[in-house]
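# Working through the structure, step by step
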Amino acid sequence: MAIQTVNPNTNQTVKSFEEMTDQAVEAAVAQATAAFGSWKKTAYSERAVLLHRVATLMRERKESLAKTITLEMGKLIAQAEGEITLSADILDYYATNGEKFLADQTLSPDHGTALIRHSPIGALLGVEPWNFPYYQVARFAAPNIMIGNTVLVKHASIVPQCALAIEALFTEAGAPAGVYTNLLLSGKRASALVADARIKGVSLTGSEAAGASVAAEAGKHLKKSVLELGGNDVLIVLEDAEIDKAVEWAVVGRMNNNGESCIASKRLIAVEAVADEFLAKFTDKLAHLKMGDPMDRTMDLGPLSSEEAAVHLADQVQRSVAAGATVLLGGQRPDRPGAFMNPTILTDLTPGIPAYYEELFGPVASFYRVKDEQAAIDLANDSPFGLGGSVFTQDVARGQRVADQIDTGMVYINHPTWTQADLPFGGTKGSGYGRELSELGINEFVNKKLIRVSALTDPF
């Protein structure tokens, strides 16, 4: 795939970029490796100052940075601004809490003394997606720079201007050369970098295929990896839910970021007692969404990230209908320029239909009606993915019991799955492994080193 900015609202190419040469990549990896030698010796306070400065710059330039997100991948402008704020919050969070999270842990052995020290491990490779161009990078870069690691980031090929802007923010904030490095590379060339002995770990957010490739390469070379992959999250509506609020949150959960979110509420499951009411009200909400230019603040839905993404989603819908699914709303692309897909609801889905197991990345919701709570749980778990999920009920204790039975990394009660700096983010099964954000996220790429002091007379 070419590295270029293509405005998905018009499908017009705005700017193209040359991939880095092999010599430039070699120089970047060498510089990141050399920078680690000094960065790992800096005080936490110095690292915190850098992250706070980057966060401040992000907030000061929120409007212009957000416009670049919208230009390159089609996010609604207000949501793009929200992403910049969230990213700055993550940087500040690790700057403020990193030293506490990484403090020595004192142990109490029978003889002598012992502690666990959290040490950085070296230069890391981050492979990041286009759907949240700043947030995804922030949650990888912030904790690892605070640890004392250096990072090289291979961003998605359709958001090169976002990628370059992030690197420029770190440079302006005073990051020493090599602490944060952007790599303008294809995915294939980035995967090959995992074999480089100077790269000590890799984090990837993306597709299952990309994750499997990177994980295999990392395993072959005995390197730590963290993977955040796809999702097919459920939003379960129980009979005691506040239906109007459940509908409102279901629209947000499915359509936020134009539906292009790993944690989107993709499978809507309502128990029989409230299924008709929920579906009627949800359908009405989607039918009245305003779709158009994502720079226009009156719009509710923008384009998909690319024409390729729109074609793929439309094909998934068509294949599902051919296999027996029913289109309750939408189902087609609109007759207009750009990478758009009409808001769509599919019903009558069974395991033999593509949409039953595949992740639908865009404004397409799958609706299921089930007999009862247990049937909802069973359906929720009938998925190769295990990222997030939601349960709507007025009985919080009941919601917690249901959440405990859902095989995912995250479950939200009375809210669609979302994210914030102090909550861990990650999944299980085909959705990957490892955690980002919160204290858990700063413990992935550290050497938890035991330092033991013994008296010469202590027993062996």
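Report on the accompanying structure. Keep in mind that what you see is a predicted model, and the values were worked out from it rather than measured.

### Here's the deal with the overall build of the chain
Of the regular secondary structure elements, the chain holds 15 helices and 20 strands. Dimensions along the principal axes, computed over C-alpha positions, put the chain at roughly 75 × 55 × 40 Å. Per-residue burial over the chain gives 55% buried out of 460 residues. A fraction of 72% describes how many contacts in the chain between residues 6 or more apart in sequence connect residues 24 or more apart. Summing over all exposed atoms, the chain offers an accessible surface of approximately 18400 Å²; the carbon and sulfur share of this is 54%. Distance from the positive charge centre (41 side chains) to the negative charge centre (55 side chains) of the chain: 6 Å.

### Some details on the pairing of strand β10 (residues 234-237)
Of the two faces of β10, the one holding Val-234 and Ile-236 and the one holding Leu-235 and Val-237 are both buried throughout. In this sheet, strand β11 (residues 267-271) lies alongside β10 in parallel orientation, the contact comprising 4 bridges. In the sheet register, Val-234 faces β11, and the bridge partner there is Arg-267. Following the chain from β10 across helix α9 (residues 243-255) to the adjacent parallel β11, one finds a crossover that is right-handed.

### Thoughts on the packing of aromatic side chains
The final tally for this structure, using the stated rule, is 10 aromatic pairs. Here Phe-278 and Phe-367 contribute two aromatic rings whose centre-to-centre distance is 6.3 Å and whose plane-to-plane angle is 15°, an arrangement assigned as stacked. Note that Phe-278 is positioned in helix α10 (residues 272-287) and Phe-367 in strand β14 (residues 364-370), a separation of 89 residues in sequence. One aromatic cluster is present, formed by Tyr-93, Tyr-94 and Phe-101 through successive ring pairs.

### Brief notes about the sheet that holds strand β17 (residues 412-413)
Within a sheet, adjacent strands bond to each other through the backbone by hydrogen bonds, running parallel or antiparallel. If you walk across this open sheet you meet the 7 strands as β12-β13-β14-β11-β10-β16-β17, and the pairing is mixed. On the outer flanks of this sheet lie β12 (326-329) and β17, each paired with one strand and no other.

### Focus on the sheet that holds strand β3 (residues 105-107)
Taking strand neighbours across the sheet as the criterion, the 3 strands line up as β3-β4-β20 in an open arrangement whose pairing is antiparallel. Of all strands in the sheet, those bounded by a partner on one side alone are β3 and β20 (446-453). Each neighbouring strand pair of the sheet contributes to a mean axis angle of 25°, computed without reference to strand direction. Pairing geometry for β3 and strand β4 (residues 113-120), over 3 bridges, is antiparallel.

### A few points about the nonpolar core
The biggest cluster of nonpolar side chains holds 63 residues, and the ones touching the most others in it are Leu-50, Met-58, Ile-90, Tyr-134, Ile-145, Phe-170 and Tyr-180. Of all elements in the fold, only α2 (44-60), α3 (62-73), α4 (77-101), α5 (135-147), β6 (150-154) and α6 (160-172) reach the threshold of two or more residues within this core. Here this core takes 11 residues from α4, the largest share from any one element. Beyond its immediate sequence surroundings of up to four residues, Tyr-134 is in contact with Met-58, Leu-65, Ile-69, Glu-83, Ile-84, Ser-87, Cys-162, Ala-165, Ile-166 and Leu-169. Residues Met-255, Phe-367, Phe-392 and Val-402 belong to the second largest nonpolar core, which totals 53 residues.

### Structural notes on the packing of α4 against α5
How two helices pack is summed up by the angle between their axes together with the distance between the axes. Contact geometry for α4 and α5: axes closest at 9 Å, N-to-C directions at 15°. Comparing the axis directions of α4 and α5 gives the class roughly parallel. When you trace α4 past α5, the crossing you get is right-handed. On the side of α4, the interface is formed by Glu-83, Leu-86, Ser-87, Ile-90, Leu-91, Tyr-94, Ala-95, Gly-98 and Glu-99, while α5 contributes Tyr-135, Ala-138, Arg-139, Ala-142, Pro-143 and Met-146. Of the residues that constitute the contact of α4 with α5, the class distribution is 10 nonpolar, 2 polar and 3 charged.

### Thoughts on helix α8 (residues 208-220)
Under the 1.5 Å per step criterion, the end-to-end length of α8 is 18 Å for 13 residues, consistent within 8% with the ideal 18 Å. Those residues of α8 that sit buried are Gly-211, Val-214, Ala-215 and Ala-218. Within α8, the buried residues cover an arc of 100° as seen down the axis, which keeps them to one side. In α8, the exposed residues that point more than 90 degrees away from the buried face are Ala-209 and Lys-220. Buried-residue contacts for α8 involve α7 (187-193), β8 (199-205), β9 (224-228) and β19 (432-433). Leu-222 occupies a position one or two residues after α8 and carries a positive phi of about 55°.

### Looking at helix α14 (residues 396-404)
Within α14, the full set of buried residues consists of Arg-398, Gly-399, Val-402 and Ala-403. Here the buried residues of α14 occupy an arc of 140° about the axis, which is enough to place them on one side. For α14, the secondary structure elements touched by its buried residues are α13 (373-381), β16 (389-392) and β17. Near the N-terminus of α14, the side chain that reaches the backbone nitrogen of Ala-397, with its oxygen 3.2 Å away, is that of Asp-395.

### Digging into the environment of Leu-349
By secondary structure assignment, the location of Leu-349 is in the loop between β13 (344-347) and α12 (354-357). On the basis of relative accessibility, which here comes to 9%, the residue Leu-349 falls in the buried class. Taking C-alpha positions, Leu-349 is 9.3 Å from Val-321, a pair spaced 28 residues apart along the chain. Leu-349 has contacts with Ala-325, Ala-355, Tyr-356, Ser-366, Phe-367 and Tyr-368, leaving out every residue within four places of it along the chain.

### Describing the state of the cysteines
Inspection of the entire model under this criterion finds 0 disulfides. The cysteine Cys-262 is free of any disulfide, with Cys-162 supplying the nearest cysteine sulfur at 17 Å.

### Side note on the environment of Thr-347
Here Thr-347 shows up in strand β13. Along the backbone, Thr-347 and Ala-365 are 18 residues apart, and their C-alpha atoms lie at a distance of 8.8 Å. In this structure Thr-347 touches Ala-325, Thr-326, Leu-328 and Phe-367, once residues within four positions along its chain are discounted.

### Let's talk about the pairing of strand β2 (residues 12-17)
Note: strand β1 (residues 3-7) against β2, 5 bridges, orientation antiparallel. What sits directly across from Val-6, in β2, is Thr-13. Remark: 4 residues form the turn of the hairpin made by β1 and β2, two consecutive strands paired antiparallel; Asn-11 in that turn has positive phi of roughly 65°.

Rules of the game
- Residues numbered from 1 in each chain as written.
- Predicted model: local features only at pLDDT ≥ 70, side-chain atom pairs only at ≥ 80, totals over all residues.
- Heavy atoms only, no water.
- Helix = DSSP H or I, 4+ residues; strand = E, 2+ residues; numbered from the N terminus.
- Buried < 20%, exposed > 50% of the residue type's maximum accessible area, 1.4 Å probe, protein only.
- Contact = heavy atoms within 4.5 Å.
- Areas by Shrake-Rupley, 256 points an atom, 1.4 Å probe, with all protein chains shown as cover.
- Lys, Arg positive; Asp, Glu negative; His and termini not counted.
- Charge placed at Lys NZ, Arg CZ, Asp CG, Glu CD.
- Pairing = 2+ DSSP bridges.
- Right-handed = clockwise from strand over helix to strand, strands pointing away.
- Phe/Tyr/Trp six-rings, centres within 6.5 Å; stacked < 30°, edge-to-face > 60°.
- Axes fitted to C-alpha atoms, helices over the stretch in contact; angles between N-to-C directions.
- Core = buried A, V, L, I, M, F, W, Y, C linked by side-chain atoms within 4.5 Å.
- Parallel < 35°, antiparallel > 145°, perpendicular 65-115°, else oblique.
- Left-handed = near helix turned anticlockwise from the far one by under 90°.
- Nonpolar A, V, L, I, M, F, W, Y, C, P; charged D, E, K, R; others polar.
- Expected span 1.5 Å × (residues − 1).
- Arc of directions from axis to C-beta.
- Polar contact = N/O pair within 3.5 Å; in protein donor to acceptor, adjacent residues only side chain to side chain.
- Disulfide = S-S within 2.5 Å.

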